[in-house]
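Breakdown of the fold
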Amino acid sequence: MRGPFEVRGGPSRQSSTAPSAAPPAGISPVASATATDVATPAAAEAGPGPAAGPDPAGGPDPAAGPDPAAGTGPAAGTGSVDPEEHGAVRDSFAELAAIAAGPNRAGDDPAGADPAGTDLAGSDRGRTGPGSGLARKDDHALDVGDAAEPTLAPLLLHSLSDLREIWVPLIEAAGARSVAEIGSESGVTTSLLVDLLRRGGGGRLVVVDPDPGVAPTSGGGLDVQVIRGYSPQALDGHAPTDAYLIDGDHNYATVHGELTAIADAVARFSRSYFPLVVLHDVGWPAGRRDQYYNPDRVPADARQPHSWDVGVEIDDPGVVRGGFRGMGAFAWALTEGGPRNGVRTAIEDFVAEHSDLRFFTVAPIFGLGVVVDRRAPWARRIADLLTPWVSNRLLSRMERNRVDLYLHVLRLQDAAAAMARARQREWSRLDDERSRLAALELEHLHRIGQLEHELAALRRREAEDAERAVHGHRPAADADEPRLRQVARIAGSALRSRLGPTGQERLARVQTRIADTGTARTALPALRRRPSAPARGGPSDPGAPPPG
């Protein structure tokens, strides 16, 4: 599935109803049959055998008539265990214990831990590639592929390549020498198909994608054809392949058109049976709800009302503001369910139009769908491989739990983002308030400066007024100065005339000293009053002028 999963991930798919409401990720109601029912016609061609006996999943061959006690799969069975399967399981556990206690390490041959040469797991027939063996690390066993390479898984597993332990054995069991991949995503699935075909001696690989993540080259017995375009139109005129992996646009019109194009190619090239078709995203949320990467490529009359700005939640047929959303990568239909809506609905409608086809689903990682033609010679082998997976309630519960946990992670991320936005708004408000207070402070400082300037001017005016008040009479004094000088000269003459020689001499010295200090204009020496003289001509006044 495409989408922004490397950044935020995305919930996996499951049936739009809760697992308790319907058989989760089980056989399609349109083609309600057991896994063995798919293989009955093909097995009948080879003569009597397991096809005429009880179904490993717990149901009989439909050709033998209805069995009211039959269940829909392993989860609905009686709990009885086939002795051969029980022995394989027991041997597997014994081998695990031997590996855990032995000296093997990652990179050693895990087969050496089985002295009896038993298969590691009896149910893994045809299994190859990463995860096909076990290695010991510390005190636990793990897949050799996982031990050799660190995982680069995103927050949530979402790719068809994550389900390779299911579909790779199916393609091998079908003996497919030509495979078409519709929607290559990052190219991991393409690389797996290249390795698969080359291990088998070569073949033909068709990759359909407008921008494939990997564009392998032909060589080594492998013929590669890369079709850069959109399906189903890109499939027109091409010969059918033995198997198809479909993981392109997840909407009814596209998926139904792809299956119809495959059927047309089968009829045009006179193939005797429908090829093996493996489809991704048959569970929640795209199983019953259209998802559009480019709605304009879907005809208007086949397009559901949709929006790029909404998300979806499990058990909610509408849309929400949060939830699992495309973040601009894709749009969701506004409602879940109803006719001509969703990947699973498209497959069921197509299978209902072809009586020889059966549709099975496996719950994990968005849901894996498998379309099998009962007439195919490999139908029995496919049925045997699918039996442990279909209608598996444990896988359904784990997928539901995975979806719920991821949606909870999204809610936590949304809450954290909302809190961060609230903090950002609060910081912005505080910044605005701080800016406002700073501007107000600057305004106050400017006003204080104006007031200080006005106060200084006022003080200067008061000082000038005080100085003018102190020196206000100076002009009048200057105007009277000549007259005062005249009066002073007359008074000085009169004084000298009355002084004797000694007194005149003293008076001259005082006037000289006053002139030297520059205070002659501002102050005159205080003349001490002489003691009153006796009567003119008395004996006590020797300096008195003689009478007469």
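Everything discussed here concerns the structure shown above.
Heads up: these notes are all about the structure in this document.

Attention shifts here to the overall build of the protein chain. Across its full length, the protein chain holds eleven helices and twelve strands. Counting all 548 residues of the protein chain, 41% fall into the buried class. Within the protein chain, residue pairs in contact and separated by at least 24 positions form 69% of the contacts whose partners lie at least 6 positions apart. Per element, the accessible surface of the protein chain, about 29,900 Å² overall, is 56% carbon and sulfur.

The next subject is the pairing of strand β7 (residues 276-280). Of all five residues in β7, five are buried, a share of seventy percent or more. By the alternation rule, side chains of β7 split into Leu276, Val278 and His280 and Val277 and Leu279, which are all buried. Sheet topology note: the strand β6 (residues 243-246)/β7 ladder contains four bridges and is parallel. Its bridge partner being in β7, Leu245 is matched across the sheet by Val278. Crossover handedness for the path β6 to helix α6 (residues 252-268) to β7: right-handed.

In summary, soluble globular proteins display a tendency toward joint burial of nonpolar side chains. Residues Trp167, Ile171, Val179, Leu276 and Ile382 are the most contacted members of the largest nonpolar core, which totals 39 residues. By residue number, the principal contributor to this core is helix α4 (residues 164-173), which donates six residues. Here Leu276 is in contact with Leu170, Ile171, Ala174, Asp242, Ala243, Tyr244, Val370, Val371, Val372, Trp378 and Ile382, once residues within four sequence places are set aside. Listed in part, the 29 residues of the second largest apolar core include Ile246, Val282, Val351 and Phe359.

Quick look at the packing of α4 against helix α8 (residues 379-386) now. The description of two helices packed together rests on the angle between their axes and the distance between the axes. Viewed as axis vectors pointing N to C, α4 and α8 meet at an angle of 160°, and their least axial separation amounts to 9 Å. Our classification of the angle between α4 and α8 gives roughly antiparallel. Note that α4 runs across α8; the crossing there is right-handed. Each of Pro169, Leu170 and Ala173 in α4 lies in contact with α8, whose residues at this interface are Arg381, Ile382, Leu385 and Leu386. Partitioned by chemical class, the residues of the contact of α4 with α8 number six nonpolar, no polar and one charged.

The next point concerns α6. For α6, built from 17 residues, the straight-helix expectation of 24 Å at 1.5 Å per residue is met to within 8% by its first-to-last C-alpha distance of 24 Å. With twelve of its 17 residues buried, α6 lies for the most part within the structure. Along α6, the residues that are buried comprise Tyr252, Thr254, Val255, His256, Gly257, Glu258, Leu259, Ala261, Ile262, Ala263, Ala265 and Val266. Where α6 is buried, its residues contact β3 (178-182), β6, β7 and α7 (343-352). Immediately downstream of α6, the backbone of Ser270 shows phi near 55°, a positive value.

Across a regular strand the side chains alternate sides, sitting on one face of the sheet and then on the other. Judged by how many residues are buried, strand β4 (residues 203-208) sits mostly within the fold: five of six residues are covered. When β4 meets strand β5 (residues 222-227), the two strands line up parallel, connected through six bridges. Paired with Val207 across the two strands is Val226, which belongs to β5.

What follows is about the sheet that holds β6. Sheet architecture is open: seven strands sit in the order β5-β4-β3-β6-β7-β12-β11, paired in mixed fashion. The open sheet has two free edges, formed respectively by β5 and β11 (357-362), since each of these has just one partner strand. Within the sheet, the average angular offset between the axes of one strand and its neighbour, ignoring direction, is 15°. Taken together, the four bridges between β7 and strand β12 (residues 368-373) define a ladder with antiparallel strand orientation. In the sheet register, Leu279 faces β12, and the bridge partner there is Gly369.

One pass over the full model with this rule turns up 17 salt bridges. Here Arg325 makes a salt bridge to Asp414, at a shortest N to O gap of 2.5 Å. With Arg325 in the loop between β9 (306-307) and β10 (331-333) and Asp414 in helix α9 (residues 393-470), the pair connects residues that are 89 residues apart, well separated along the chain. Accessibility classification places Arg325 together with Asp414 in one group, the buried group.

On to the environment of Trp389. Locating Trp389 in the fold gives a position in the loop between α8 and α9. Spatially, the C-alpha atom of Trp389 lies 5.9 Å from that of Val362, the residues being 27 residues apart in sequence.

Looking now at the sheet that holds β10. Sheet architecture is open: three strands sit in the order β8-β10-β9, paired in antiparallel fashion. Only two strands of the sheet have a single partner each, and these edge strands are β8 (291-292) and β9. For β9 and β10, the ladder comprises two bridges, and the chain directions are antiparallel. Looking at the pairing, His306 lines up with Ala333 of β10.

A word on unusual backbone geometry. The residue after Ser231, namely Pro232, is reached through a cis peptide bond having omega 10°. Cis geometry is adopted by the peptide bond preceding Pro285, which originates at Trp284 and carries an omega value of 5°. Topologically, Pro285 is positioned in the loop between β7 and β8. Not every positive phi belongs to a glycine, and Arg340 is a case in point at roughly 55°. Examined against the element boundaries, Arg340 turns out to sit in the loop between β10 and α7. Judged by relative accessible area, which is 43%, Arg340 ranks as partly exposed. Even without glycine at this site, Ser391 takes up a positive phi of about 50°. Looking at where Ser391 falls in the secondary structure, it is placed in the loop between α8 and α9.

Rules used throughout
- Residues numbered from 1 in each chain as written.
- Predicted model: local features only at pLDDT ≥ 70, side-chain atom pairs only at ≥ 80, totals over all residues.
- Heavy atoms only, no water.
- Helix = DSSP H or I, 4+ residues; strand = E, 2+ residues; numbered from the N terminus.
- Buried < 20%, exposed > 50% of the residue type's maximum accessible area, 1.4 Å probe, protein only.
- Contact = heavy atoms within 4.5 Å.
- Areas by Shrake-Rupley, 256 points an atom, 1.4 Å probe, with all protein chains shown as cover.
- Pairing = 2+ DSSP bridges.
- Right-handed = clockwise from strand over helix to strand, strands pointing away.
- Core = buried A, V, L, I, M, F, W, Y, C linked by side-chain atoms within 4.5 Å.
- Axes fitted to C-alpha atoms, helices over the stretch in contact; angles between N-to-C directions.
- Parallel < 35°, antiparallel > 145°, perpendicular 65-115°, else oblique.
- Left-handed = near helix turned anticlockwise from the far one by under 90°.
- Nonpolar A, V, L, I, M, F, W, Y, C, P; charged D, E, K, R; others polar.
- Expected span 1.5 Å × (residues − 1).
- Salt bridge = Lys/Arg side-chain N within 4 Å of Asp/Glu carboxyl O.

Any functional reading would require information beyond the geometric quantities listed.
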